Amino acid sequence: MGANTSFLTTETSNISETSPNLNLGEIPENCIALVLSYLKPPEICKLARVNRTFRAASSADFIWVPKLPCNYHHLAGKLLVDDKKRLGEKEIFAKLSRPVLLDGCNKEFWVDKITGGVCVSVSSKSLTITGIDDRRYWNHIPSDESRFPTVAYLKQIWWVEVHGDVEFCFPAGTYTLAFKLRLGKVVKRNGRCVCSTEEVHGWGVKPVELKFMTGSGQHIVSKQFLETTGSWEYHRVGEFIVDDSNKPTKVKFSLTQIDCTHTKGGLSIDSVLICPTNLAHDFKTLP
């Protein structure tokens, strides 16, 4: 037994002495690309820093096509109309995963870096708000917490009515629409930013009505009470289904509280978000 063990140890030692050291740079680029194709985009980008071979392999188009939305050529057209050079799929993914501004910078869309799902955000500036031009009732105030420069803030009013719409080529799938709201506004006190709820009132008497309707007739109405938390919250309205990725889907939505028996105030409206329902299970992961 001891003799056999000695023989094996000697043979293994000889093999290790004559075998060349393994080098990541010597792995064929196509093999690396194949392995990378099974990873998520952030993981691929990290491994692309290993060496030149990994970086070159990470640019293979076949890696990125499955990670892009099925109608990415149409979406990229909105972004790359002035770009004369032909971009690879990796570059297209990188550009689409950053916010693409629409409608005079009042709307934007982006591709989620993990799932490849398409999200659309509509700013408060793009909404039709009753009384928005009367500063006794509403103001657009600067915000460092929003994707957009400002949010709409309601001081006090009897009749709350907010409407908006978006028309966009969503990839086929199921989507969730939600309003991003907060009771209160950010003010500076003693050099610190805090959420003031001094003007918040009237939201516990009757619920607000949130609803949307798509061009195909899908319609959801949700009645919700707004509660003071001091933080931004996504108020989910409901879901709709997109069947055709190459046909624009039009969605009209609204937030109303038209009971004139009492005033309402202290409401901040950031935006309206439409995102794939699988992302809407945890709004905290969304920017």
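K.L.:
How should the sheet that holds strand β14 (residues 249–257) be read in this particular structure?
P.N.:
Backbone-to-backbone hydrogen bonds join strands into a sheet, with any given pair of strands oriented parallel or antiparallel. Across the sheet, five strands lie side by side as β4-β7-β14-β11-β12; this open sheet has antiparallel pairing. At either margin of the open sheet sits one strand with a lone partner, and together these are β4 (128–129) and β12 (219–224). Pairing of strand β11 (residues 208–214) with β14 involves six bridges; the strand directions are antiparallel. Bridging across to β14, Leu 210 finds its partner in Leu 255.

K.L.:
Would you mind showing me how to read the packing of aromatic side chains here?
P.N.:
The geometry of two aromatic rings is summed up by the distance between their centres and the angle between their planes. Going through the model one piece at a time under the given rule, you end up with eight aromatic pairs. Ring centres of Phe 179 and Phe 253 lie 6.1 Å apart, and the angle between their planes is 80 degrees; on these two criteria the pair is classed as edge-to-face. On the criterion of sequence distance, the pair formed by Phe 179 in strand β8 (residues 173–183) and Phe 253 in strand β14 is long-range, its members being 74 residues apart. One cation-aromatic arrangement involves Arg 147 over Trp 110; the distance from NZ or CZ to the ring centre is 3.7 Å.

K.L.:
Please clarify how the nonpolar core should be interpreted in this entry.
P.N.:
One broad rule of soluble globular proteins: the nonpolar side chains tend to lie buried together. Judged by nonpolar contacts, the single largest core of 56 residues is most densely connected at Leu 96, Trp 138, Leu 177, Phe 179, Trp 203 and Phe 253. Sequence-distant contacts of Phe 253, defined by excluding residues within four places in its chain, comprise Val 122, Leu 127, Val 162, His 163, Gly 164, Asp 165, Val 166, Leu 177, Phe 179, Lys 211, Phe 212 and Val 272. In terms of nonpolar packing, the next biggest core, distinct from the first, is built from six residues, Leu 273, Cys 275, Leu 279 and Ala 280 among them.

K.L.:
How should the side chain of Asp 270 be read in this particular structure?
P.N.:
Mapped onto the fold, Asp 270 is located in strand β15 (residues 267–276). One buried charged residue, Asp 270, forms no salt bridge at all, with the nearest opposite charge on Lys 180 at 4.3 Å. Side-chain polar atoms of Asp 270 contact the side chain of Ser 271, separated by 2.6 Å. With residues up to four places along the chain from it excluded, the contact list for Asp 270 reads Val 122, Ser 123, Ser 124, Ser 146, Val 151, Lys 180 and Trp 232.

K.L.:
I tried to follow the pairing of β15 on my own but got confused; where do I start?
P.N.:
The side chains of a regular strand alternate between both faces of the sheet. Taken across its ten residues, β15 has ten buried, putting it largely inside the fold. In this structure, strand β3 (residues 118–123) lies alongside β15, joined through four bridges in antiparallel fashion. Note on β15: the bridge partner recorded for Ser 123 is Ser 271. Bridge count between strand β6 (residues 150–154) and β15: three bridges; the pairing is antiparallel. Within β15, the residue paired with Tyr 153 across the bridge is Ser 268.

K.L.:
Honestly, the pattern of salt bridges in this entry has me stumped. Any pointers?
P.N.:
Between side chains of opposite charge, a pair can form as their charged atoms come close. Taken as a whole, this structure holds six salt bridges when the rule is applied. Linking Arg 147 and Glu 108 is a salt bridge whose minimum nitrogen-to-oxygen distance equals 2.3 Å. Of this pair, Arg 147 sits in the loop between β5 (138–142) and β6 while Glu 108 sits in strand β2 (residues 107–111), placing them 39 residues apart in sequence.

K.L.:
How should I be thinking about helix α7 (residues 89–96) in this particular structure?
P.N.:
Residue pairs spaced three or four apart in an α-helix point in one direction, given the helix's 3.6 residues per turn. Inspection of α7 places Glu 89, Ile 92, Phe 93 and Leu 96 among the buried residues, and these make up the whole buried set. Across the axial projection of α7, the buried residues extend over an arc of 100 degrees, all falling on one side.

K.L.:
Is there a simple way to think about unusual backbone geometry in this case?
P.N.:
Across the chain, the bulk of peptide bonds are trans and the bulk of non-glycine residues have phi less than zero. Positive phi, normally seen in glycine, also occurs at Asp 103, with a value near 50 degrees. Mapped onto the secondary structure, Asp 103 falls in the loop between β1 (100–102) and β2. The class of Asp 103 is partly exposed, set by a relative accessible area of 45%.

Rules behind the numbers
Residues numbered from 1 in each chain as written. Predicted model: local features only at pLDDT ≥ 70, side-chain atom pairs only at ≥ 80, totals over all residues. Heavy atoms only, no water. Pairing = 2+ DSSP bridges. Helix = DSSP H or I, 4+ residues; strand = E, 2+ residues; numbered from the N terminus. Phe/Tyr/Trp six-rings, centres within 6.5 Å; stacked < 30°, edge-to-face > 60°. Lys NZ or Arg CZ within 6 Å of the ring centre and 35° of its normal. Core = buried A, V, L, I, M, F, W, Y, C linked by side-chain atoms within 4.5 Å. Buried < 20%, exposed > 50% of the residue type's maximum accessible area, 1.4 Å probe, protein only. Contact = heavy atoms within 4.5 Å. Lys, Arg positive; Asp, Glu negative; His and termini not counted. Salt bridge = Lys/Arg side-chain N within 4 Å of Asp/Glu carboxyl O. Polar contact = N/O pair within 3.5 Å; in protein donor to acceptor, adjacent residues only side chain to side chain. Arc of directions from axis to C-beta.

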